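Geometric and topological summary
Now for the letters of each chain:
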Amino acid sequence: MGWASLQSWRADEVLRDAQSIDGDYAWLRVRQALAGLAYWLAIAALVAGLSTWLKMRLDAWRARQSKDFLYGRLFLCWRALGHWLVAYTGLLVCALALCLLYELSWGWSHFKAGGWFMLLVAVPVITVLWTGCRLIERLRRQWHALDRPSSAFLGQTLGRDKAPALWTWVEQLANTAGAPVPDHIVVGIDQAFFVTSVNVALQPAGDVLSGRTLYLPLTYLSSLSQAEAASIIGHELGHFSSRDTERGSEIGAHFSLMCLHFSYISAGDADPAWVERPAIWMTQRFLHHFQLAVHHWGRAQELVADRVGGNIGGERLFCQALLRVIALDCEIHTLLTERHPNLIQALADHLLHTPLRLDKAALDHAIAHPFDTHPPTALRMQQLGVRLDDDLLAQATRVPTEHDRHWFSQLTHASSSDVWLPVSPPISIAQGE
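Per an unreviewed UniProt entry, the protein chain goes by Peptidase M48 domain-containing protein and derives from Pseudomonas azotoformans.

Points about the UniProt feature "transmembrane region" (unreviewed entry) in the protein chain
UniProt's entry tags residues 37–54, 75–104 and 116–136 with the feature "transmembrane region" (unreviewed entry), counted in the numbering of this structure. For residues 37–54, helix accounts for 100% and strand for 0%, while the C-alpha atoms at its two ends are 26 Å apart. As annotated, residues 75–104 comprises 100% helix and 0% strand, and the C-alpha atoms at either end are separated by 43 Å.

Details of empty space enclosed by the protein
Summed over the entire model, instances satisfying the criterion amount to two cavities of 30 Å³ or more. Lining of the second largest cavity is provided by Thr52, Lys55, Met56, Asp59, Cys77, Ala80, Leu81, Trp84, Phe286 and Phe290. Among the secondary structure elements, those contributing two or more residues to the lining of the second largest cavity are α2 (25–65), α3 (67–109) and α10 (277–313). Residues of the lining of the second largest cavity, tallied by class, amount to seven nonpolar, one polar and two charged.

As for the environment of Leu221
Relative to the helices and strands, Leu221 resides in helix α7 (residues 218–221). Relative accessible area serves as the criterion here: at 1%, Leu221 is assigned to the buried category. Residues contacting Leu221, with those up to four places away along its chain left out, are Phe193, Leu216, Ala229, Asp404, Trp407 and Phe408.

Focus on unusual backbone geometry
Residues Gln203 and Pro204 are joined by a peptide bond in cis, for which omega reads 5°. Inspection of the secondary structure puts Pro204 in the loop between β5 (199–203) and β6 (208–209). Located in the positive-phi region is Arg339, a residue other than glycine, with phi close to 55°.

So, the confidence of the model for the protein chain
Detailed conclusions should not be drawn from predicted coordinates in areas where pLDDT is low. With 78% of its residues at a pLDDT of 70 or more, the protein chain shows a mean pLDDT of 79. When mean pLDDT is compared element by element in the protein chain, helix α8 (residues 226–238) scores highest at 94, while helix α16 (residues 427–430) scores lowest at 30. Of the regions scoring below 50 in pLDDT, residues 1–15 engages in zero contacts with residues more than four places distant in sequence or in other chains. Counting contacts from residues 419–433, a segment whose pLDDT is below 50, to residues more than four positions away or on other chains yields 35 contacts.

What counts, and where the lines are drawn
- Residues numbered from 1 in each chain as written.
- Predicted model: local features only at pLDDT ≥ 70, side-chain atom pairs only at ≥ 80, totals over all residues.
- Heavy atoms only, no water.
- UniProt positions renumbered as here; feature names shortened; annotations may be inferred.
- Helix = DSSP H or I, 4+ residues; strand = E, 2+ residues; numbered from the N terminus.
- 1 Å grid on protein atoms, 1.4 Å probe; cavity = no way out; pocket = protein on both sides within 12 Å on 5 of 7 lines; lining within 4 Å.
- Points joined across faces, edges and corners; volume = space filled by probe spheres on them.
- Nonpolar A, V, L, I, M, F, W, Y, C, P; charged D, E, K, R; others polar.
- Buried < 20%, exposed > 50% of the residue type's maximum accessible area, 1.4 Å probe, protein only.
- Contact = heavy atoms within 4.5 Å.
- pLDDT = per-residue confidence, 0-100.

What follows is the structure, encoded as structure tokens:
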């Protein structure tokens, strides 16, 4: 009897399961389709990820071998990476969404038999899907923003009507360097000397400058002689001396903006969600491998610009100016962090009581730049045939003279006929005046 009762119960259970399956047959077919589609979407995401990685490595290798490929294709490779990452993340999110729909369908159909628990387990997956969708939006927004690259700096423009003598002086330097005259001259205090061809948004005025821009830092200009400043500006204008050199400068600017956009894409999260990690990792790898190519060709262009700077007042004077900028860099950075109301005066007072220091370790220093990576100073001096000696160190670390402190302000208030340009380095200038 007991055995017969067990068999009867088992028969009833099988019958109920069969009836349940028969009633849920349509949803079974739907869930089967969801599972199959999710599987193939996951396979497609895997193929897209591997293809993106292989293409990135090949493009980076070609960029290291050919500067023409780097100059002509960097932006296109970056844009293609953005499209691939959006596609990859989209496929991954869709596959995950289909898996979620499968579990929700099963949980609803078997709600009374414990399916409600599966509904609770599926809730965290919704958070992952939301994170993936936000990543796709960030990818699309930031890659689109790079189509119109620009950079923002504190500063103000000095037009020809405000400083005609300065413009005449810069024009003479450009002619000596064999470079085009910049379209804009900007003065500020929070950067070093640089030129750029990307759009510049000036703060706090909000003006947007297009074309070639020359940035002059008032901090350094108040501590360099006019001859030293002419050599440094000649180097910067040397980036415009040929189209090839200017393209290299533009690539440096674009790559710096790519790094900045990556910080927005990653949202500064030290522990991103797993759905974000593949795209963030792939972007990191892209920047790492292309950085090798950008630095390789960028340093070559810096050495070309160094020769242009050396033609302004002589190679020794140019190296003296480089060393002085390095010596000033640390002091200016310290004062910037202290937020003095009058930074120029604070720097002048500071240098009266704090001697500048330079030793041979400074030769391994590379001057900071918002766009380019400069070679170590030792390599730059070696390429110019200048040897570091005690006299060169003494002139690079001298206490600023009255001429050093006031020549630029006098130039900006002078007429265009009162302009001096060093054609060759007189002994008095080389000794720092």
